[in-house]
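Chain residues, written in single-letter form:
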Amino acid sequence: ENIGDVNLDGKVDSADAGLVLRYDVGIVVLSSEQLSVADINGDNKVDSADAGLILRYDAGIINSLR
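## A short note on the overall build of the chain
Along the backbone of the chain there are 3 helices and 0 strands. The secondary structure elements of the chain, listed N-terminal to C-terminal, are α-α-α. For 66 residues, the compact-globule estimate of 2.2 N^0.38 gives 11 Å, and the C-alpha radius of gyration of the chain, at 10 Å, lies within 12% of that figure. Considered along the principal axes of its C-alpha atoms, the chain spans approximately 30 × 20 × 20 Å. Split into buried and exposed, the 66 residues of the chain put 36% on the buried side.

Okay, structure coming up:
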């Protein structure tokens, strides 16, 4: 299980953040596996806060997601 790899492509990047944002506004449905790796901050919600963490990780601002 790779935390943050929402599209399950082996890397964590802005595409994963985009999926989280689209999920947050109801545009896409995520599988239970995707939801489990998308809740970055562990608050039992998948929302824009998780997407923000993924983007900061992708940009090198933070070094890990957990």
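On we go.
## Looking at the pattern of salt bridges
Applying the stated rule across the entire model yields 1 salt bridge. When the shortest N-O distance is used, the salt bridge between D9 and K11 registers 3.3 Å. The exposure class of K11 is partly exposed, given its relative accessible area of 46%.

## Side note on helix α1 (residues 14-24)
Of all the positions in α1, only D16, A17, G18, L19 and V20 are classed as buried. One or two residues past the end of α1 sits G26, with phi positive at roughly 90 degrees.

## Digging into the nonpolar core
Counting residues in each nonpolar core, the largest one holds 13 residues, and the members touching the most others are V6, V20, A38, I40, I54 and L65. Mapped by element, the contributors of at least two residues to this core are α1 and α3 (48-58). The biggest single contributor to this core is α1, with 3 residues. Leave out the neighbours within four places in its chain, and A38 touches V6, V20, V46 and D50.

## Details of the packing of α1 against α3
Between α1 and α3, the shortest axis-to-axis distance is 8 Å and the interhelical angle comes to 170 degrees. The orientation of α1 with respect to α3, classified from their angle, is roughly antiparallel. Residues S14, D16, A17, V20, L21 and D24 of α1 form the contact with α3, whose participating residues are S48, D50, A51, I54, L55 and D58. Here the residues of the contact of α1 with α3 are counted per class, giving 6 nonpolar, 2 polar and 4 charged.

Analysis parameters
- Sequence positions are assigned chain by chain, starting from 1 and proceeding in written order.
- Per-residue local features of the predicted model are confined to residues with pLDDT of at least 70, and side-chain atom pairs are confined, for both listing and counting, to 80 or more; whole-chain, interface and lining totals are unaffected and use all residues.
- With hydrogens and water stripped out, all remaining heavy atoms of the structure feed into the side-chain values.
- We count a stretch as a helix when DSSP gives it H or I for four or more residues in a row; a strand needs E for two or more, and each element gets its number in order from the N terminus.
- Radius of gyration here uses only the C-alpha atoms, and the compact-globule reference equals 2.2 Å multiplied by the residue count raised to the power 0.38.
- Note on classification: 1.4 Å probe, protein chains only; a residue is buried when its accessible area is under 20% of the maximum for its type, exposed when over 50%, partly exposed between these limits.
- Basic side-chain nitrogens of Lys or Arg form a salt bridge, by our definition, when they fall within 4 Å of a carboxyl oxygen of Asp or Glu.
- What we call a nonpolar core is a set of buried Ala, Val, Leu, Ile, Met, Phe, Trp, Tyr and Cys residues that are connected through their side-chain atoms within 4.5 Å.
- Contacts are assigned to residue pairs with any non-hydrogen atoms lying within 4.5 Å of each other.
- Every axis in this analysis is a line fitted to C-alpha atoms, fitted for helices over the stretch in contact. Angles between the N-to-C directions lie between 0 and 180 degrees.
- In what follows, roughly perpendicular refers to angles from 65 to 115 degrees, roughly parallel to angles under 35, roughly antiparallel to angles over 145, and oblique to any angle outside these ranges.
- Ten residues, namely Ala, Val, Leu, Ile, Met, Phe, Trp, Tyr, Cys and Pro, are considered nonpolar, four, namely Asp, Glu, Lys and Arg, are considered charged, and the remaining ones, Gly among them, are considered polar.

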